[in-house]
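Overview (structure and organization)
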Amino acid sequence: MARMFLNGQAMEGGPFHHHLRGAPLIAKTRTAPGHRFFSIRDTCPGLLRDPGVDTTVEGEVYDVPDEVLRDELLPNEPAELEFGIIELQDGSSCFSMVLRRGELERGGHTEITAFGGWRAYLKSLGRDA
């Protein structure tokens, strides 16, 4: 089992939630301070660790079986993201999808950190999460 922080379309009620195959929700929480948040083509978000900021991002932690992670979640992630480890607000570590190294420099991603989470960003676009 892998503790996985989800902050986009696979969260409860999202269109990719079915990829979790019933993995249990452990907590609704936030990242530790020091994370920025980007929209990738308004289809999914990406986290970026930045110790120079004091911002956090909302999300959900699931206890995901290894085969679900390998066969369902990871293959459906966009190329702009990579599997990583982040820190949560309680100080614990957790797996998450993060912006791939070099992606920020490539440009083209909209920073959405000020929204605090994917659902709030989608709401600003007039869309439901």
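Residues numbered from 1 in each chain as written. Predicted model: local features only at pLDDT ≥ 70, side-chain atom pairs only at ≥ 80, totals over all residues. Heavy atoms only, no water.

This part takes up the overall build of the protein. When helices and strands are tallied, the protein shows three helices and eight strands. The linear arrangement of helices and strands in the protein, starting from the amino end, is β-β-β-β-β-α-β-β-α-β-α. Its C-alpha atoms give the protein a radius of gyration of 13 Å, near enough to 14 Å, the size a compact globule of 129 residues would have. Of all 129 residues assigned to the protein, the portion counted as buried reaches 47%. (Helix = DSSP H or I, 4+ residues; strand = E, 2+ residues; numbered from the N terminus. Rg over C-alpha atoms; globule rule 2.2 N^0.38 Å. Buried < 20%, exposed > 50% of the residue type's maximum accessible area, 1.4 Å probe, protein only.)

The next subject is the pattern of salt bridges. Summed over the entire model, instances satisfying the criterion amount to ten salt bridges. Notably, a salt bridge pairs Asp50 with Arg36, separated by 3.4 Å at the nearest N-O pair. Of this pair, Asp50 sits in the loop between strand 4 (44-49) and strand 5 (58-64) while Arg36 sits in strand 3 (residues 35-40), and the two are 14 residues apart along the sequence. Looking at Arg36, the relative accessible area reads 18%, which means it is buried. Linked by salt bridges that have partners in common, Arg36, Asp50 and Glu111 make up one network. (Salt bridge = Lys/Arg side-chain N within 4 Å of Asp/Glu carboxyl O.)

This next bit is on the packing of aromatic side chains. One pair of aromatic rings is described through two measures. These are the centre distance and the angle between the planes. Throughout the structure, instances matching the rule amount to three aromatic pairs. Each ring, one from Phe83 and one from Phe95, has its centre 4.7 Å from the other, and the planes form 20°; the classification is stacked. One end of the pair, Phe83, is in strand 6 (residues 81-87); the other, Phe95, is in strand 7 (residues 93-99), and twelve residues separate them in sequence. Aromatic pair Phe115 and Tyr121: ring centres 5.3 Å apart, planes at 70°, arrangement edge-to-face. Given a relative accessible area of 37%, Phe115 falls into the partly exposed group. (Phe/Tyr/Trp six-rings, centres within 6.5 Å; stacked < 30°, edge-to-face > 60°.)

Formed by 32 residues in total, the largest nonpolar core has its most connected members in Met4, Phe5, Leu6, Leu20, Leu47, Val64 and Trp118. Discounting chain neighbours no more than four positions away, the residues touching Trp118 are Asn7, Gly8, Gln9, Met11, Phe37, Ser39, Asp42, Thr43, Cys44, Pro45, Glu58 and Ile112. (Core = buried A, V, L, I, M, F, W, Y, C linked by side-chain atoms within 4.5 Å. Contact = heavy atoms within 4.5 Å.)

Secondary-structure assignment places Thr113 in the loop between strand 8 (110-111) and helix 3 (118-124). For Thr113, the side chain forms a polar contact with the side chain of Glu111, separated by 2.8 Å. Here Thr113 is in contact with His35, Arg36, Phe37 and Thr55, once residues within four sequence places are set aside. (Polar contact = N/O pair within 3.5 Å; in protein donor to acceptor, adjacent residues only side chain to side chain.)

Moving on, we get to the state of the cysteines. Scanning the entire structure with this criterion turns up zero disulfides. There is no disulfide at Cys44, and the cysteine sulfur nearest it, in Cys94, is 18 Å away. On the accessibility criterion, Cys44 (9% relative accessible area) is buried. According to the relative accessible area criterion, Cys94 is buried, its value standing at 3%. (Disulfide = S-S within 2.5 Å.)

Turning our eyes to something else, we now look at the side chain of Gln9. Following the sequence through the fold, Gln9 ends up in the loop between strand 1 (2-6) and strand 2 (25-30). Side-chain polar atoms of Gln9 contact the backbone oxygen of Thr43, separated by 3.4 Å. Once residues lying within four places of it in the same chain are set aside, the contact partners of Gln9 are Gly14, Pro15, Phe16, His17, Thr43, Trp118, Leu122 and Arg127.

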